[in-house]
Protein chains: 2
Amino acid sequence: MVRWEPNARGRLGEAAFELFTERGFEQVTVAEIAERAGLTERTFFRYFADKREVLFAGADGFQEIFVSGVASAPDSAAPIEAVAGALYAAAAMFLAHEGGARRRAAIIAAHPDLRERELVKLATVASAVADALRRRGVTDPAASLTAEAGLAVFRIAFARWIAAPDGPDLARLIAESLDELKLVAAGK
Amino acid sequence: MVRWEPNARGRLGEAAFELFTERGFEQVTVAEIAERAGLTERTFFRYFADKREVLFAGADGFQEIFVSGVASAPDSAAPIEAVAGALYAAAAMFLAHEGGARRRAAIIAAHPDLRERELVKLATVASAVADALRRRGVTDPAASLTAEAGLAVFRIAFARWIAAPDGPDLARLIAESLDELKLVAAGK
């Protein structure tokens, strides 16, 4: 019989983040994460395939925020406006979980393999956003270009936000980067 | 004593491309590549760390084309114009080696790990292009945004070029994508 552990997933995630931050991702084992959370390894594997998965388990939800942000834009919105709405929705999510977002970013930044994994996940999000634009009737190459440019805006604004904890908030940095994109694309 | 083999690197590359195309990347061993080239495994490892390296050995040269394209733009060029010049230089290189470029793209497209590796390489190129823009005095976030948007233009134009062997040439697709970027960024 499986014993019910209150909030096992959250406790495992918190324990993993603590340990990755203290010792570095490579140096932490699943057994140590489970022990810190007061749970068994078996319980860990009920929630996560491996320790890396703890960092990327939220990726589907992240993608969903982008996709529904694009889908829910008014019909009159230009493609970049639909994507901008999605970026602001994602920003709101990150601002609501700022501490976790900053810890996660620091863990990922310290490890080349994790940075590559993050890059691949963001490329998958760009591809899903392009699909969402096509469902709004946007043709190619505009759909893929808008999605890729939008994700570039997000990555750059996010990196600036992480680099300056006391700087402007993420939504403002996204607005600035969108303005900047317009200028650079116009050859300014 | 090492026996000199005329054009060993080129013969190994050609043998690898043939075998990857015939059987799929996963199914080919280094021993088979060496045998097809009429060389030894030892000779293979003098040129390449592993079979994947055969596909990515040109990446440094590719990055160099972008970086010097940006550096050699006239001082008066806007950041996106400097990047556009680099994209056209890369297009000229691909058009000069069209057969190899198309075979390589087909091999990479068929294999998720190779697609991820390609994505990571292109992100490295974007980062080098941003550095080249900073050396021209472009500040951030304009430098990273222009580099990322430029590489997005390249990826999308390149994918269209690969998808349509009898379609417009790569330089023309890049020009179209740059125009499209301007339109989408402006909210058209």
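Residues numbered from 1 in each chain as written. Chains lettered and ligands numbered in written order. Predicted model: local features only at pLDDT ≥ 70, side-chain atom pairs only at ≥ 80, totals over all residues.

Caption draft 1: Summary view of the overall build of chain A. Looking only at helices and strands, chain A has 10 helices and 0 strands in total. Reading the secondary structure of chain A in the N-to-C direction produces α-α-α-α-α-α-α-α-α-α. For chain A, the spread of C-alpha atoms along the three principal axes comes to 55 × 35 × 25 Å. The buried share of chain A, taken over its 188 residues, is 36%. Across chain A, the fraction of contacts at a sequence separation of at least 24, relative to all contacts at a separation of at least 6, is 59%. (Helix = DSSP H or I, 4+ residues; strand = E, 2+ residues; numbered from the N terminus. Buried ≥ 20, exposed ≤ 12 C-beta atoms within 10 Å, placed from the backbone. Contact = placed C-beta atoms within 7 Å.)

Caption draft 2: Structural view of the relation of the copies chain A and chain B. Screw-axis analysis of chain A against chain B gives a translation of 0.0 Å along the axis, an RMSD of 0.0 Å, and a rotation angle of 180°. The two molecules are tied by a two-fold rotation axis, judged by turn and shift. Measuring from the rotation axis to each C-alpha of chain A, the shortest distance belongs to Ala 149 of chain A, at 2.8 Å. Take the interface residues of chain A: 96% of them recur as interface residues in chain B, which is what a same-surface contact looks like. (Least-squares fit on C-alpha atoms with pLDDT ≥ 70 in both.)

Caption draft 3: Spotlight on the interface of chain A and chain B. Chain A puts 28 residues into the contact, and the matching count from chain B is 27 residues. For the side of chain A that touches chain B, the secondary structure elements donating two or more residues are helix 6 (79-96), helix 8 (112-135), helix 9 (142-163) and helix 10 (170-185) of chain A. For the side of chain A that touches chain B, the leading source of residues is helix 9 of chain A, giving 10 residues. Tallied by class, residues from the side of chain A that touches chain B come to 17 nonpolar, 4 polar and 7 charged. (Nonpolar A, V, L, I, M, F, W, Y, C, P; charged D, E, K, R; others polar.)

Caption draft 4: Just the domain arrangement of chain A, in detail. All names here are of chain A. Segmenting chain A into domains produces domain 1 (8-54) and domain 2 (58-185). For domain 1 versus domain 2, the distance between C-alpha centres works out to 28 Å. The biggest single contributor to the side of domain 1 that touches domain 2 is helix 1 (residues 8-23), with 3 residues. Across the side of domain 1 that touches domain 2, the residue classes tally to 3 nonpolar, 2 polar and 1 charged. (Domains from an automatic or database assignment.)

Caption draft 5: Helix 8 (residues 112-135) of chain B, seen in detail. Residue and element names in this part refer to chain B. Between the first and last C-alpha of helix 8 there are 35 Å, a value that for 24 residues agrees with the 34 Å anticipated at 1.5 Å per step. For helix 8, the full list of buried residues reads Leu 122, Val 125, Ala 126, Val 129, Ala 130, Ala 132 and Leu 133. Close packing links the buried residues of helix 8 with helix 5 (59-71), helix 6 (79-96) and helix 9 (142-163). A positive phi of about 95° marks Gly 137, the residue just after helix 8. (Expected span 1.5 Å × (residues − 1).)

Caption draft 6: The confidence of the model for chain A, seen in detail. Residues and elements named next belong to chain A. Averaged over all residues, the pLDDT of chain A is 93; the fraction at 70 or higher stands at 98%. Across chain A, helix 2 (residues 30-37) holds the top mean pLDDT of 96, while helix 5 (residues 59-71) sits lowest at 91. Overall fold confidence (pTM) sits at 0.89, and the ipTM for the predicted complex is 0.85. (pLDDT = per-residue confidence, 0-100.)

Caption draft 7: View of the environment of Arg 46 of chain A. All names here are of chain A. With respect to the element layout, Arg 46 can be found in helix 3 (residues 41-47). Taking the C-beta count within 10 Å as the criterion, Arg 46 has 14 such neighbours and is therefore assigned partly exposed. For Arg 46 and Arg 9, which are 37 residues apart along the polypeptide, the C-alpha to C-alpha distance reads 9.1 Å.

Caption draft 8: The arrangement of the nonpolar core in detail. Counting residues in each nonpolar core, the largest one holds 80 residues, and the members touching the most others are Val 129, Ala 149 and Val 153 of chain A together with Val 129, Ala 149 and Val 153 of chain B. Those residues in contact with Val 129 of chain A, other than ones at most four positions away along the chain, are Phe 66, Val 67, Val 70, Val 83, Ala 86, Ala 147, Gly 150 and Leu 151 of chain A. Listed in part, the 15 residues of the second largest apolar core include Val 28, Ile 33, Ala 34 and Leu 39 of chain A. (Core = buried A, V, L, I, M, F, W, Y, C linked by C-beta atoms within 7 Å.)

Caption draft 9: Representation of the packing of helix 5 of chain B against helix 8 of chain B within the structure. All names here are of chain B. Running from amino to carboxyl end, helix 5 crosses helix 8 at an angle of 25°, the nearest separation of the two axes being 9 Å. Put simply, helix 5 runs roughly parallel to helix 8. Considering how the two elements wind past one another, helix 5 and helix 8 form a crossing that is right-handed. For the pair formed by helix 5 and helix 8, the contact residues are Ala 59, Phe 62, Gln 63, Phe 66, Val 67, Val 70 and Ala 71 on the first element and Lys 121, Thr 124, Val 125, Ala 128, Val 129, Ala 132, Leu 133 and Arg 135 on the second. Classifying every residue of the contact of helix 5 with helix 8 gives 11 nonpolar, 2 polar and 2 charged. (Axes fitted to C-alpha atoms, helices over the stretch in contact; angles between N-to-C directions. Parallel < 35°, antiparallel > 145°, perpendicular 65-115°, else oblique. Left-handed = near helix turned anticlockwise from the far one by under 90°.)

Caption draft 10: Region of the structure containing the packing of helix 6 of chain B against helix 9 of chain B. Residues and elements named next belong to chain B. Packing of helix 6 against helix 9 brings their axes to within 10 Å, and their N-to-C directions diverge by 35°. Crossing of helix 6 against helix 9: the hand is right-handed. The segment helix 6 lies against helix 9, with Pro 79, Ile 80, Val 83, Leu 87 and Ala 90 engaging Ala 142, Thr 146, Ala 147, Gly 150, Val 153 and Phe 154. Among the residues making up the contact of helix 6 with helix 9, the classes are represented as 9 nonpolar, 2 polar and no charged.

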